[in-house]
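A structural walkthrough
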Amino acid sequence: MKLTILGCYSATPRNLNNPTAQVLEIKNHLFSIDCGEGTQLQLRKMKIKFSRIKHIFISHLHGDHFFGLPGLVSTFRLLGREQELHIYGPKGIKEAITLLLKLGDSWTNYPLIFHELTSTTSQTIFEDDKVSVKTIPLHHRVYTNGFLFQEKSSERTLNIEAVSKLQIDKNQYNNIKKGQAVTLENGTVIPNEKITFDPAKPKSYAFCSDTAYKEEIVSIIAGTDLLYHESTFLETEKHLCAKTKHATAKEAATIAKKANVGKLILGHYSTRYKSLELFREEAKTVFENVELAEDGKSFLA
Ligand SMILES: [Zn+2]
């Protein structure tokens, strides 16, 4: 699983600071998460193939999280895209995007499928045999969801040496990978763990931006390998959190600690601060494994 940060600052785009956008590679999917202005340029800079994007997840309709979307949708058309594009986001996103396309007489030549979200409890919005995506209802000034991306546990891996030695019929391999034992012709039962290896532990990533401190999300994201939690402010500006419905680095770290995640990634920094290290220092007083999101940086799990 690989997370790439295309942009991680709040509010306005600047020379070196892009608003929120990420891509997540997980089990051969390339999921696009939020789409601030400049997302296309960042995709090009990072040499990420546009055609690999089939699903775009938008947390909320503040400009710094989705003003890059109309441009990206239009570019797909100019690139001659034919495959479906799925967009998941708050109710209203379909109207916003389709109005722009209609006014510009630039309707897409590919199927554009909207999945509008209204639920205030966590729900599964995408699922196939390898991955699921659930919403994480957040607390912000407008309706907002984070997203939890989870690999499904894979099948057990065949111990080829062991099955060959026992001359087990290949027709049985699928059942063995599902965990079944095997009975040989002489009646001997071979336990599954003697002929398979454990599958890799399924990975997970939780994206939580934008939100005020919301402890209710802990049960949804518990045990996640990677957690991106916004930290717009430091504790010295905590008074601004109540008004703007954002969180501090310390609050993000408290969520990470309570949810017992593997690693916390901070982001959505207010551009008022001179050094990002201040965010890391503040979070580390509560949770040890903290990293700073930076535009262009990748995280593996
Ligand atoms: Zn916002």
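In the block above lies the structure referred to throughout.
Residues numbered from 1 in each chain as written. Predicted model: local features only at pLDDT ≥ 70, side-chain atom pairs only at ≥ 80, totals over all residues. Heavy atoms only, no water.

**Looking at the coordination of the zinc ion**
The following threshold applies: Shown as donors are all N, O and S atoms within 2.8 Å of a metal ion, widened to 3.2 Å for Na, K and Ca; because water is not in the atom set, sites may appear incomplete. Only two sets of limits are used to name each site, 85 to 135 degrees for every angle of a tetrahedral four-donor site, and over 155 degrees for opposite donors with all other angles from 65 to 115 for a square planar four-donor or octahedral six-donor site, with any other site named irregular. Burial classification: accessible surface area is computed with a 1.4 Å probe over protein chains only, and a residue below 20% of its type maximum counts as buried, one above 50% as exposed, and the rest as partly exposed.
With distances of 2.2 to 2.4 Å, the protein atoms coordinating the zinc ion are His 60 (NE2), His 62 (ND1), His 140 (NE2) and Asp 210 (OD). For the zinc ion, the four donor atoms are set out with angles of 89 to 175 degrees between them, so the coordination reads as irregular. Between consecutive donor residues of the zinc ion, the sequence gaps follow H-x1-H-x77-H-x69-D. Assigned by exposure class, His 60 and His 62 land together as buried.

**Here's the deal with the pairing of strand β3 (residues 29–35)**
Here is the rule: Starting at the N terminus, helices and strands are each numbered in turn, a helix being any DSSP run of H or I of at least four residues and a strand any DSSP run of E of at least two. Strand pairing follows a simple DSSP-based rule, namely that at least 2 bridges must link the two strands.
Counting buried residues along β3, seven of its seven residues qualify, which places the element largely inside the surrounding structure. Both strand β2 (residues 21–26) and β3 contribute to a ladder of six bridges, which runs antiparallel. Within β3, the position partnered with Leu 24 by the bridge is Phe 31. Counted along the chain from β2 to the antiparallel partner β3, the turn is two residues long, and its residue Lys 27 has a positive phi close to 50 degrees.

**Some words on the packing of helix α9 (residues 249–259) against helix α10 (residues 277–284)**
Between two packed helices, both the angle of their axes relative to each other and the distance between the axes serve to describe the pair. Operational definition: Helix axes are fitted to C-alpha atoms over the stretch in contact, other axes to C-alpha atoms as well, and angles between N-to-C directions run from 0 to 180 degrees. Any angle from 65 to 115 degrees is called roughly perpendicular, while one under 35 is roughly parallel, one over 145 is roughly antiparallel, and all others are oblique. Left-handed describes a crossing whose near helix is turned anticlockwise from the far helix through less than a right angle; right-handed describes the clockwise counterpart. By definition in these notes, contact holds between two residues if any of their heavy atoms fall within 4.5 Å.
Axis separation between α9 and α10 bottoms out at 8 Å; the angle between their running directions is 45 degrees. Here α9 is positioned oblique relative to α10, judged by the angle of their axes. As for the relative orientation of α9 and α10, their crossing is right-handed in sense. For the pair α9 and α10, the contacting residues are Ala 249, Lys 250 and Ala 253 in the first and Phe 279, Glu 282 and Ala 283 in the second.

Keep in mind these numbers describe shape, not what the thing actually does.
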